[in-house]
Amino acid sequence: MMLEYVLVLSAYLLSIGIYGLITSRNMVRALMCLELILNAVNINFVTFSDLFDSRQLKGDVFSIFVIAIAAAEAAIGLAIVSSIHRNRKSTRINQSNLLNK
Amino acid sequence: MDLPGPIHDFLLVFGGLGLILGGLGVVLLTNPIFSAFSLGLVLVCTSLFHIPSNSPFVAAAQLLIYVGAINVLIVFAVMFINGSEYYKDFHLWTVGDGVTSLVCTSIFVSLITPILDTSWYGILWTTRSNQIIEQDLINNGQQIGIHLSTDFFLPFELISIILLVSLIGAIAMARQY
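Criteria and cut-off values
Residues numbered from 1 in each chain as written. Chains lettered and ligands numbered in written order. Predicted model: local features only at pLDDT ≥ 70, side-chain atom pairs only at ≥ 80, totals over all residues. Heavy atoms only, no water. Phe/Tyr/Trp six-rings, centres within 6.5 Å; stacked < 30°, edge-to-face > 60°. Helix = DSSP H or I, 4+ residues; strand = E, 2+ residues; numbered from the N terminus. Core = buried A, V, L, I, M, F, W, Y, C linked by side-chain atoms within 4.5 Å. Buried < 20%, exposed > 50% of the residue type's maximum accessible area, 1.4 Å probe, protein only. Contact = heavy atoms within 4.5 Å. UniProt positions renumbered as here; feature names shortened; annotations may be inferred. Buried area = accessible area lost by both parts, 1.4 Å probe. Salt bridge = Lys/Arg side-chain N within 4 Å of Asp/Glu carboxyl O. Polar contact = N/O pair within 3.5 Å; in protein donor to acceptor, adjacent residues only side chain to side chain.

Peer 1: Describe the packing of aromatic side chains, and please don't skip the residues or the numbers.
Peer 2: Enumeration over the complete set of coordinates arrives at eight aromatic pairs over all chains. For the pair B:Phe10 and B:Phe14, a centre-to-centre distance of 5.6 Å together with 10° between the ring planes defines the contact as stacked. In this pair, B:Phe10 and B:Phe14 both sit in helix H1 (residues 5-28), four residues apart, roughly one turn of the helix. Cluster of aromatic residues (ring-pair linked, three or more members): A:Phe45, A:Phe62, A:Phe65 and B:Phe152.

Peer 1: I'd like a rundown of the nonpolar core, residues and numbers included.
Peer 2: Residues A:Val28, A:Met32, B:Leu19 and B:Ile74 are the most contacted members of the largest nonpolar core, which totals 40 residues. Put simply, the parts of the chain that give this core at least two residues each are helix H1 (2-23), helix H2 (27-52) and helix H3 (58-88) of chain A together with H1, helix H2 (32-50) and helix H3 (56-81) of chain B. Top contributing element to this core by residue count: H2(A), with eight residues. Not counting residues within four places of it along the chain, the set of residues in contact with A:Met32 comprises B:Val26, B:Pro32, B:Ser35, B:Ala36, B:Leu39, B:Ile74 and B:Val78. Counting 11 residues, the second-largest nonpolar core is a separate cluster that includes A:Phe65, A:Ala68, B:Ala61 and B:Leu148.

Peer 1: Could you give an account of the UniProt feature "transmembrane region" (unreviewed entry) in chain A, with specific residues and numbers?
Peer 2: Residue and element names in this part refer to chain A. UniProt annotation of "transmembrane region" (unreviewed entry) refers to residues 6-23, 30-49 and 61-84 when read in the numbering used here. For residues 30-49, the helix share is 100%, the strand share is 0%, and the end-to-end C-alpha distance is 29 Å. Within the segment residues 61-84, helix and strand shares are 100% and 0% respectively, and the terminal C-alpha atoms sit 35 Å apart.

Peer 1: How would you sum up the interface of chain B and chain A? Please name residues and give values.
Peer 2: Contacts between the two partners involve 86 residues from chain B, matched on the other side by 69 residues from chain A. Across the chain B/chain A interface, buried area totals approximately 6,800 Å², and carbon plus sulfur atoms make up 73% of it. Its largest share of buried area at the contact with chain A, chain B owes to B:Tyr66, B:Ile81 and B:Trp120, together 9% of the area lost on that side. Residues B:Asp151 and A:Lys58 are paired through a salt bridge, measuring 3.9 Å at the closest nitrogen-oxygen approach. Our count for the chain B to chain A interface comes out at nine residue pairs in polar contact (both at pLDDT 80 or more). Secondary-structure elements contributing two or more residues to the side of chain B that touches chain A are H1, H2, H3, helix H4 (95-117), helix H5 (120-130), helix H6 (140-149) and helix H7 (153-175) of chain B. No other element matches the 13 residues that H3(B) contributes to the side of chain B that touches chain A.

What follows is the structure, given as structure tokens:
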């Protein structure tokens, strides 16, 4: 019962993260929605490693890796956003055409 | 971890409510600083979910890294970037939003139908009968440490190099002007 509950919540988090990633007009909010998707992945890793691999716990190691990758991604993404904001004074996704000229 | 029953249920219910409300708040709130704080709520509730599933080390790492580092970084970026442009961001419900919500709802439904149809406990008993039931001599953090230093040693080093390079790149990208 607990497994289905956690899996449904993780599917909810994944789908709402995809929705926000597609429809958000602010770049920082798109990064937040990316964090939501990575959190859904983390919940699945930890739950399955607890239930099906409780002796070895390799899913926990993978979730540690996912957390580290998310930290690197957040640092790079926010640096890019601040650089774009310095050049353009705007962080709207649909107005950024820096590669266009 | 053998938590008592009411604490276990409280963690699950509170974490579920926080996940649902915080996920809606990240997407639907118009001010980005509020959605950054509700992202913090989502991250805390995710770490609450890791506690009943026997992973206190991952829960602590989630709380420290996500809430303590990434969410603070996002809040600082919102405060740094967000001038007065958020209220010009009219939240029109366009056709693209409707199509996207339809697609995401169909993704959600098609994900939860196999979850609810699968008999997880049959799979659980067939896998658990193969494993030797042995005494827990080492705890969670020690086991993760053993894995990280023996058979996941090369990915661990690669992750640390990636983290170092990306942080140096972030600093170099943010300070040039």
